[in-house]
Number of protein chains: 4
Amino acid sequence: MDKPRDKCGIMGVFGHPQAAELTYLGLYALQHRGQEAAGIVSSDGTALFTVRGQGLVADVFNDHSKFATLVGNRAIGHVRYSTAGGSIASNVQPIVVQTKDGPLAIAHNGNLVNARELRTELESEGAIFQTQSDTELIVHLIARSHAPTLTERVADALKRIRGAFSLIFLSKEEMIIARDPHGFRPLCLGGKGDAIVAASETCALDLIEASYVRDVEPGEIVCITASGVESHLYAAPDLHMCVFELIYFARPDSKVFGGSVDRTRRKLGKILAEEAPVDADIVISVPDSSNTSAIGYAQASGIKFEIGLIRNHYVGRTFINPSPFMRSFHSRIKYNPVEGVLKDRRVVLVEDSIVRGTTLKKLVGVLKKSGVKEIHIRVASPPVKWPCFYGMDFPTRKELIAAWNDPEQIREFLGVQSLRYLSEAGMLAATRDDPGKFCTACFTGNYQVPLAAEERQELVASGNEQWARSELERLLGSLE
Amino acid sequence: MDKPRDKCGIMGVFGHPQAAELTYLGLYALQHRGQEAAGIVSSDGTALFTVRGQGLVADVFNDHSKFATLVGNRAIGHVRYSTAGGSIASNVQPIVVQTKDGPLAIAHNGNLVNARELRTELESEGAIFQTQSDTELIVHLIARSHAPTLTERVADALKRIRGAFSLIFLSKEEMIIARDPHGFRPLCLGGKGDAIVAASETCALDLIEASYVRDVEPGEIVCITASGVESHLYAAPDLHMCVFELIYFARPDSKVFGGSVDRTRRKLGKILAEEAPVDADIVISVPDSSNTSAIGYAQASGIKFEIGLIRNHYVGRTFINPSPFMRSFHSRIKYNPVEGVLKDRRVVLVEDSIVRGTTLKKLVGVLKKSGVKEIHIRVASPPVKWPCFYGMDFPTRKELIAAWNDPEQIREFLGVQSLRYLSEAGMLAATRDDPGKFCTACFTGNYQVPLAAEERQELVASGNEQWARSELERLLGSLE
Amino acid sequence: MDKPRDKCGIMGVFGHPQAAELTYLGLYALQHRGQEAAGIVSSDGTALFTVRGQGLVADVFNDHSKFATLVGNRAIGHVRYSTAGGSIASNVQPIVVQTKDGPLAIAHNGNLVNARELRTELESEGAIFQTQSDTELIVHLIARSHAPTLTERVADALKRIRGAFSLIFLSKEEMIIARDPHGFRPLCLGGKGDAIVAASETCALDLIEASYVRDVEPGEIVCITASGVESHLYAAPDLHMCVFELIYFARPDSKVFGGSVDRTRRKLGKILAEEAPVDADIVISVPDSSNTSAIGYAQASGIKFEIGLIRNHYVGRTFINPSPFMRSFHSRIKYNPVEGVLKDRRVVLVEDSIVRGTTLKKLVGVLKKSGVKEIHIRVASPPVKWPCFYGMDFPTRKELIAAWNDPEQIREFLGVQSLRYLSEAGMLAATRDDPGKFCTACFTGNYQVPLAAEERQELVASGNEQWARSELERLLGSLE
Amino acid sequence: MDKPRDKCGIMGVFGHPQAAELTYLGLYALQHRGQEAAGIVSSDGTALFTVRGQGLVADVFNDHSKFATLVGNRAIGHVRYSTAGGSIASNVQPIVVQTKDGPLAIAHNGNLVNARELRTELESEGAIFQTQSDTELIVHLIARSHAPTLTERVADALKRIRGAFSLIFLSKEEMIIARDPHGFRPLCLGGKGDAIVAASETCALDLIEASYVRDVEPGEIVCITASGVESHLYAAPDLHMCVFELIYFARPDSKVFGGSVDRTRRKLGKILAEEAPVDADIVISVPDSSNTSAIGYAQASGIKFEIGLIRNHYVGRTFINPSPFMRSFHSRIKYNPVEGVLKDRRVVLVEDSIVRGTTLKKLVGVLKKSGVKEIHIRVASPPVKWPCFYGMDFPTRKELIAAWNDPEQIREFLGVQSLRYLSEAGMLAATRDDPGKFCTACFTGNYQVPLAAEERQELVASGNEQWARSELERLLGSLE
């Protein structure tokens, strides 16, 4: 996979007789945020009920009978990418644990930067961990708090963790929703009749015909019980919203961070057309993630938009252990060119971002075989130079093509007539929001939430030192 | 499902060391032609080897180890929709049978109109059938022929069957490829190095980087052995190619019936724009099947093309026995509207065809909730009034909305500002071919290959007699 | 496995609302007759319903929901050993086929000696076979008969086949039960209220609390419909009942061939004690198949019966592809010696039969490690020298230790103090029936039902010619 | 199930290249100690590797490929009954946890009486539990110890727990074996070449051809590393060995508590014959658990031993959710009577123990239908009146037939001619050991290791107060 990947999507429903089914449908809408495992935990006020498994949501819940066990009018759910290595199965969420105050389930989207240090501390006190996940840390911190209410115990725990986290908890009586003070990952609240809904993106609300109410605030903790909703800020907001959610992760039909993803993407395309015009016959996209920015580019440039690549609907279903022979057809499996559109044309190929560049290179090869005359790549984001420690599943720095190559080198590597990236200023202009509120670390290396020692070491270790020393020194200073 | 469905896709590879893997990849490209079962049979010259199962190709071959049993340098494959009722599992193709001349596998795309009469005849002679499928009939006819070569025995059998059939056979030594004299379903030949490839559509050749050579001719039988290729016509061609392949079934990146599907579809959209213009703000498609005709419409009309509906990539994965509650979200699961694009706009919604109209009505409801100002539906084909007996999986006549309603009634049913269909002449003009060569029975009721008695009865029985008597009488005359 | 194995067990129930469940229970009781596949077909008078699979009965029907599909008040069932090689799955019975007269299911216990010749004949007439099984031949013969009733068509078919067959057929309206004229395999009739039951052994009747009525007669065909039972002889009886059913196959709690298996086995042990006495401390059996004859030996000899070997209840559950290391513990997995019983004792080990002798040799090794002083093997049947062509799954002649070795050589091979077989006369005396009615071919080579040419060739080819020529010549004469 | 059940069997191998395979074989021999789940954890000195699942050992390890992941020359394994209710899957052992000192696996046979009180204490300190099992408590206690070596940390933990426990631990470098000071459950040590083996019963050593060395001592902790074996007593022995292991649980071919089970059982039968003679024709057993005591009875009484009941080898394989109709045949499924043996006979039926009596009553019904003349039940243990809190899976007191009925009432309930139990003195005489060393609480109510408060309450609550008050008062005094 040649894109960063979001690590998770989360969903919660409180107060609806079909809570588990609505959670399922919400996860279905959030499937793009995690395709390797899924789970739902429900509660009827007296106990928690769990169904989890590996695979797509529709694979895990492949028979409606699975809902028979998920009783109760509240439920939370999770879709995830498995982390590399480790005991994959035991990392499937929501995690459910037994505490002195009863069972507690947790669904987490994000990544902690002080996980290792907290784990060492807890283990030295005799804590036992079942998994390698950051998420389990949070429940240990909650279990160790002696505050009188679950909300306060959760707040105690959240004050000790650092990094990106959008969280939904479910106890027998309460659903608790929280977001880190930086607002790295999206999380919104909605309503469906009397029921309250929380979801990573509004597309999950849309599918279940719930109305969007507002985003969960950065630093906010919301506690829902049968007797009502209470909210307070457990920490002062300090916004660093992930700009990559707008560029690539979130669905275009979602609102995230309070704005329409679709509009931002069209704007990215339009500004890109202004910053990097070209004389060409047609604009095509890499479907489906670049569709909207490609249409923006076409509209602003006046060049005709065409569908030049057909995306196989069944991709994602590939098997375990393909042979090298099968693997060699991989780029063909995903996209097939439309020769009638491409032959003898000068083509603008709009791509949302370039990470390692290897898939794009194969795609260029596919286009060339279809007889295109010229290929002009326009990227609707700046060069990706730095890994993410705030909840994206990212290649190491060594693998990022723009970390070690300037755009001209990348153009040459890809073998195209021209290549232009959107500027950082152009990107932020498209967000129509205060640019200071966004985390752009993957483009700039400016990690505004302090990293752990081992993460800083990883950055240094993964560097091509000849090229990167000066830049690293400058940045590492700011990380202390 | 509110679209007709193609019943099958077929694929064959002769003379390549990875024949089974190439067949798998070809089926992957043909997955849109059948999503409920898949199978591959290979041969190493001494025996046949089979792997079949229910589900998507990637589900049936979910571990590469399955290829370990598919040895040999030739293979044929099949994807299919299961027919309603009956023993589903036993209908999975390719069928493999033991005959006096050794094992024989067969992959079939199409439908026979004289199946019942042939079956009765064979059963009265003591033949035993394992399945309800037309395909098994063909092998019985072959087994009963005493002609000296397999090709001649196949030709004997084909002369007795009537209807639509694109076929690939595999014996231990030979691959035989044949197409009915009417050319109802597409079937093409390609080459990959020394290997010969046959496939329902050229997109399967593209994926495995095989070159397109030519279509199998209507009435042609091609026999491939280690010593070479032989071809002859076993029947005189009498062309009635399925125009619905161009409108909806085939992938836009395929060439079928010798022409580019993409071009035809764009042309359908352009002619539709000329025939049925409208004053509106944006053109949107029902993704992905109407994308190309919508772009054609936008280009010819000068109205801006936008992406107004997001198609969930994971659709198709729904579970067994959904509850009525879950079912009520069905249209939402597939498409979500992009509110930023639609709100307060006058929208042209381009759809490739309308069959029962029920899904489209739900989609209209979804659009309205997004705040569209006006909806103008433009359909890139004429009204569908008649069922298909030539290989499409079609609703009965009773369910076809245009069989019993004129466009104004349909517009009212859908609740939109305007509704216009493409004319029959416009449709045929877009094919850029001799219009007489196409079967348009589903639009016109003009069944050019004689139907069986029970099929004619079905037509009569399914009619709304008040409305349809006169038309039926006119047509039934021509069916005798 | 170092024992011959029966190839199948069959069961049928007509006229009970829980027909399929009773059939399941009957197969459970008949599990010892076939452990690799199981299936049930039921009928409600309008259609047949099938559930089949590989594994034990309880594995195939591992969820009670499987019975939801097996509707109707009549059902037939089958347990089987898969034959070596071939498409195992497609050989699972009951077989169900479509004929001109509707669907027909068949469950078969036995083996035909003229299968190959009939198959060649049918194939040359265009018949297509799905499997390699003898059973499929029978349905082809039925389908080709033009007799007016199913019973007559079945009789037509049975007259053409030669060998061992106990059969139960199920059509939508009728259950037909038949047995070959020689009565090789057992088949009995019983009643449970108004329902009629057929089963390979009476232990299946016992489990479902049905009463035993009588055996199906050799050469008899019984037709059961809603309006009653009809029976007639389609061939004159010529009895050759399999004596090995009494010695080893059938359960001791069954009646077969009209007599109690338990009594015959105790008698075998008693006669063995008279024919081959020995001075020893204890008598032990190879559990559980030799338990009854060992008790008979102990009672007649006055030597104390003890349990010297504990049989692991979970044997039979071993996994696919054991490593050679695991395999080396195989005999230990099945039996563990009871040291307190065996140490320093002179032991009579009663075994029902010796086929290849390899497992018995390992068992002797196990006993010796437990410190036995002497081992005296007493075999409750004569030396097994010839393979079976009448429905036992038997090693080839080459593998039969007694075919090429006299008892003294076998004693030496096993490394025991003494070894004595029961005499042929003693065996027949224990049956308390007319000795002429039994098939003893596996002991005597006297194949009273003519073998096929290839079976005769197999006998010759498998022979150690130096030793066997004279005996073969004598016998082959009688086979013509 | 109408017998108490042992909760678990455990196995460990240190220093053999096929450690996991030997552990598998050992578990196979110990299968009777737990049939609902199985697992193995291995170590290669650098990491732990785990395979666990529900079902029989041979089901969990149903393909030899599962051993590919179980690398290393040491392994521990576990078979278990699932406890009633709760999350069954998460209770499968060995449990593996991450501690500050690395991963630790634990296999436990037994039951703690102070579990609830320890759990409450740990939870109040913030400990999080994954399961409801006692076993998890032990690892929490170990993780909280700050002693310098694992052995010392284990000893710290063991000093805090009370009840029955035979334990095997595996860390990356060490295998630690321990047994409670009372020696409730058996645990022995053996050798196979240089490898050291531990197992619940010696039959596991026999199967892998390991030699028996000695029992693990009550209160002993044994630590095995690559550099050798160290042993010490962490607590003073105070023997209360479970007498039910000798009567029913352990396999007759095992040595447990230093003596042969087979001999004890034969002795039980002989003493029973002396204490409770009867004039009868034959002695039969309830196979297989009563076989040895029945033979003892027959030998001492001089009455002929016969096999009157055939046990179905395939029992245990029954399906999920049997219908009430199927359930009604349950006793028939397990045992079938041998009519030839039973009819018109006066039968002594030897049974090892009676718990609820319901299954035995059905068995009596089965015997009666076979035409027995008289039934005399002889039970090779005293009346079972009290539940077990030391590691047996036992019915509640309410369900124990002898808790509320005297032998004459039970005889009447069962409907037999006579019923006699073995005396407590007779039982202890058969053990040939110091009677004071045994726990006989299930017969006497004399719980020598103090119970928890809730267990005492359970005893009171489950009582039939009219009958039991006086006895309870007497006993509850001694429990304080």
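Before reading on, note that the structure itself is shown above.
Residues numbered from 1 in each chain as written. Chains lettered and ligands numbered in written order. Predicted model: local features only at pLDDT ≥ 70, side-chain atom pairs only at ≥ 80, totals over all residues. Heavy atoms only, no water.

*Asks:* Could you give an account of the overall build of chain A, with specific residues and numbers?
*Replies:* Counting secondary structure elements, chain A contains 19 helices and 26 strands. In terms of overall dimensions, chain A is globule-like: its C-alpha atoms have a radius of gyration of 23 Å, near the 23 Å expected for 480 residues. Within chain A, buried positions represent 64% of all 480 residues. Contacts spanning at least 24 positions in sequence make up 69% of the contacts within chain A whose residues lie at least 6 apart. As displayed, chain A has an accessible area near 16200 Å², and 49% of this comes from carbon and sulfur atoms. The average position of the 54 basic charges and that of the 57 acidic charges among the side chains of chain A differ by 5 Å. (Helix = DSSP H or I, 4+ residues; strand = E, 2+ residues; numbered from the N terminus. Rg over C-alpha atoms; globule rule 2.2 N^0.38 Å. Buried < 20%, exposed > 50% of the residue type's maximum accessible area, 1.4 Å probe, protein only. Contact = heavy atoms within 4.5 Å. Areas by Shrake-Rupley, 256 points an atom, 1.4 Å probe, with all protein chains shown as cover. Lys, Arg positive; Asp, Glu negative; His and termini not counted. Charge placed at Lys NZ, Arg CZ, Asp CG, Glu CD.)

*Asks:* Can you lay out the relation of the copies chain A and chain D for me, pointing to particular residues and giving the numbers?
*Replies:* At an RMSD of 0.1 Å, chain A and chain D line up after a rotation of 179° and a shift of 0.2 Å along the axis. The two molecules are tied by a two-fold rotation axis, judged by turn and shift. Closest approach to the rotation axis within chain A is made by the C-alpha atom of Ala127(A), at a distance of 3.2 Å. When the interface residues of chain A are mapped onto chain D, 100% of them are again interface residues, pointing to one common binding face. (Least-squares fit on C-alpha atoms with pLDDT ≥ 70 in both.)

*Asks:* Provide a residue-level description of the interface of chain B and chain A, including the pertinent values.
*Replies:* Contacts between the two partners involve 67 residues from chain B and, on the opposite side, 67 residues from chain A. For the pair chain B and chain A, the summed buried surface comes to about 5600 Å²; carbon and sulfur atoms form 59% of the total. At the junction of chain B and chain A, the tally comes to two salt bridges. In this structure, the salt-bridge partner of Arg266(A) is Glu306(B), at a minimum N-O distance of 3.1 Å. (Buried area = accessible area lost by both parts, 1.4 Å probe. Salt bridge = Lys/Arg side-chain N within 4 Å of Asp/Glu carboxyl O.)

*Asks:* Tell me about the arrangement of the chains, and please be specific about residues and values.
*Replies:* When C-alpha atoms are compared, chain A and chain C, though not in contact, are closest at a spacing of 13 Å. For the non-touching pair chain B and chain D, the nearest C-alpha separation works out to 14 Å.

*Asks:* Run through the side chain of His78(D), naming residues and quoting values.
*Replies:* Within the secondary structure, His78(D) is located in strand 5 (residues 74-80). A relative accessible area of 0% places His78(D) in the buried class.

*Asks:* So, the sheet that holds strand 3 (residues 37-43) of chain D: which residues are in play, and what are the values?
*Replies:* Residue and element names in this part refer to chain D. Spatial ordering of the open sheet is given by 4-3-5-2-11-10-12, a layout of seven strands whose pairing is antiparallel. At either end of the open sheet lies a strand with only one pairing partner, and these are strand 4 (48-54) and strand 12 (211-215). Pairwise comparison of adjacent strand axes, ignoring direction, gives a mean angle of 15° for this sheet. Note that strand 3 and strand 5 share seven bridges and pair antiparallel. Paired with Val41 across the two strands is Ile76, which belongs to strand 5. Each of strand 2 (8-14), strand 3, strand 5 and strand 10 (188-192) is contacted by helix 1 (residues 19-29), which is oriented at about 25° to strand 5, the strand it contacts most. (Pairing = 2+ DSSP bridges. Axes fitted to C-alpha atoms, helices over the stretch in contact; angles between N-to-C directions.)

*Asks:* Kindly report on the sheet that holds strand 3 (residues 37-43) of chain C, identifying the contributing residues and their values.
*Replies:* All names here are of chain C. Reading across from one edge, 4-3-5-2-11-10-12 is the order of the seven strands in this open sheet, with antiparallel pairing throughout. Since the sheet does not close on itself, it has two edges, and those belong to strand 4 (48-54) and strand 12 (211-215), each with one partner. For this sheet, the mean angle separating the axes of adjacent strands, direction not counted, is 15°. Docked against the sheet, helix 1 (residues 19-29) engages strand 2 (8-14), strand 3, strand 5 (74-80) and strand 10 (188-192), running at close to 25° with respect to strand 5.

*Asks:* How would you summarise a positive patch on the surface if you had to cite specific residues and measurements?
*Replies:* A contiguous patch of positive charge, built from Lys343(A), Lys255(B), Arg263(B), Lys270(B) and Arg432(B), is present on the exposed surface. Tracing the backbone shows Lys270(B) in helix 8 (residues 261-275). (Patch = residues over 30% accessible without salt bridge, like charges linked within 9 Å, V, L, I, M, F, W, Y side chains within 5 Å.)

*Asks:* Which residues make up the nonpolar core, and what are the values?
*Replies:* Nonpolar side chains in soluble globular proteins generally cluster together in the buried interior. Judged by nonpolar contacts, the single largest core of 167 residues is most densely connected at Ile377(C), Tyr390(C), Ile377(D) and Tyr390(D). Formed by 166 residues, the second largest nonpolar core is a distinct cluster that contains Val348(A), Leu419(A), Phe438(A) and Phe184(B). (Core = buried A, V, L, I, M, F, W, Y, C linked by side-chain atoms within 4.5 Å.)

*Asks:* Describe helix 1 of chain D, and please don't skip the residues or the numbers.
*Replies:* Burial analysis of helix 1 of chain D places eleven of its eleven residues in the buried class, the great majority of the element. Every buried residue of helix 1 of chain D is accounted for by Ala19(D), Ala20(D), Glu21(D), Leu22(D), Thr23(D), Tyr24(D), Leu25(D), Gly26(D), Leu27(D), Tyr28(D) and Ala29(D).

*Asks:* Explain the pattern of salt bridges to me, using residue names and the numbers behind them.
*Replies:* The tally for this structure, following the rule as stated, stands at 70 salt bridges over all chains. Taking the shortest distance from any N to any O, the salt bridge between Glu245(C) and Arg33(C) comes out at 2.8 Å. Residue Glu245(C) is located in helix 7 (residues 243-249), and its partner Arg33(C) is located in the loop between helix 1 and strand 3; the two are separated by 212 residues in the primary sequence. When sorted by exposure, Glu245(C) lands in the same class as Arg33(C), which is buried. With its nearest N and O atoms 2.8 Å apart, the salt bridge here joins Arg266(C) to Asp262(C). Note that Arg266(C) and Asp262(C) are positioned in helix 8 (residues 261-275) at a spacing of four residues, about one turn of the helix. Accessibility expressed as a relative area gives 1% for Asp262(C), which makes it buried. One network of salt bridges, with partners in common, ties together Arg33(A), Arg185(A), Glu201(A) and Glu245(A).

*Asks:* Run through the interface of chain A and chain D, naming residues and quoting values.
*Replies:* The partner chain D presents 21 residues to the 21 residues of chain A that form the contact. Both faces combined, the contact of chain A with chain D buries some 1600 Å², and carbon together with sulfur accounts for 52% of it. Among the residues of chain A in contact with chain D, Gln98(A), Ile128(A) and Gln130(A) are the three that bury the most area, contributing 36% of the side total. Our enumeration of links across chain A and chain D arrives at zero salt bridges. The interface formed by chain A and chain D holds four residue pairs in polar contact (both at pLDDT 80 or more) in total. Secondary structure elements with two or more residues in the side of chain A that touches chain D: strand 6 (95-99), helix 3 (115-124) and helix 4 (134-144) of chain A. Among the elements that line the side of chain A that touches chain D, the one with the most residues is helix 4 of chain A, at five residues. Looking at the side of chain A that touches chain D residue by residue, the class counts come to seven nonpolar, eight polar and six charged. (Polar contact = N/O pair within 3.5 Å; in protein donor to acceptor, adjacent residues only side chain to side chain. Nonpolar A, V, L, I, M, F, W, Y, C, P; charged D, E, K, R; others polar.)

*Asks:* Describe the packing of helix 3 (residues 115-124) of chain D against helix 4 (residues 134-144) of chain D, listing the residues and the values that go with them.
*Replies:* All names here are of chain D. Two numbers describe how helix 3 lies on helix 4: the axes approach to 10 Å, and their chain directions differ by 45°. As judged from the angle between their axes, helix 3 and helix 4 are oblique. Relative to helix 4, helix 3 is oriented so that their crossing is left-handed. Across from Ala115, Leu118, Arg119 and Leu122 in helix 3, the residues of helix 4 making contact are Asp134, Leu137, His140, Leu141 and Arg144. (Parallel < 35°, antiparallel > 145°, perpendicular 65-115°, else oblique. Left-handed = near helix turned anticlockwise from the far one by under 90°.)

*Asks:* Help me get a handle on the packing of aromatic side chains, residues and values and all.
*Replies:* In total, this model carries 56 aromatic pairs over all chains according to the counting rule given. Measuring from centroid to centroid gives 5.4 Å for Phe61(A) and Phe67(A), while their planes differ by 25°, and the two rings are stacked. A ring pair is formed by Tyr390(C) and Tyr447(C), whose centres lie 6.3 Å apart and whose planes are at 65°; its orientation type is edge-to-face. Here Tyr447(C) lies in the loop between helix 17 (441-444) and helix 18 (453-461) and Tyr390(C) lies in the loop between strand 23 (374-379) and strand 24 (392-393), a separation of 57 residues in the sequence. No difference in accessibility class separates Tyr390(C) from Tyr447(C), as the two residues are buried. Arg397(B) extends its terminal NZ or CZ atom over the ring of Trp386(B), reaching a point 3.5 Å from the ring centre. (Phe/Tyr/Trp six-rings, centres within 6.5 Å; stacked < 30°, edge-to-face > 60°. Lys NZ or Arg CZ within 6 Å of the ring centre and 35° of its normal.)

*Asks:* Account for the state of the cysteines, naming residues and giving values.
*Replies:* By the definition in use, this model includes zero disulfides over all chains. Sulfur of Cys242(B): no disulfide; nearest cysteine sulfur belongs to Cys388(B) and is 6.1 Å away. Of all cysteine sulfurs in the structure, the one in Cys242(C) sits closest to Cys442(C), which takes part in no disulfide; the separation is 6.4 Å. (Disulfide = S-S within 2.5 Å.)

*Asks:* Any chance you could break down the packing of helix 4 (residues 134-144) of chain C against helix 5 (residues 150-160) of chain C for me, citing the residues and the numbers?
*Replies:* Residues and elements named next belong to chain C. At a closest axis distance of 8 Å, the pairing of helix 4 and helix 5 adopts a crossing angle of 125°. Of the possible angle classes, the one that applies to helix 4 and helix 5 is oblique. The chirality of how helix 4 crosses helix 5 is right-handed. Contacts from Ile138, Leu141 and Ile142 in helix 4 reach Leu150, Arg153, Val154, Ala157, Leu158 and Arg160 in helix 5.

Such coordinate-based values are descriptive only and should not be taken to indicate function.
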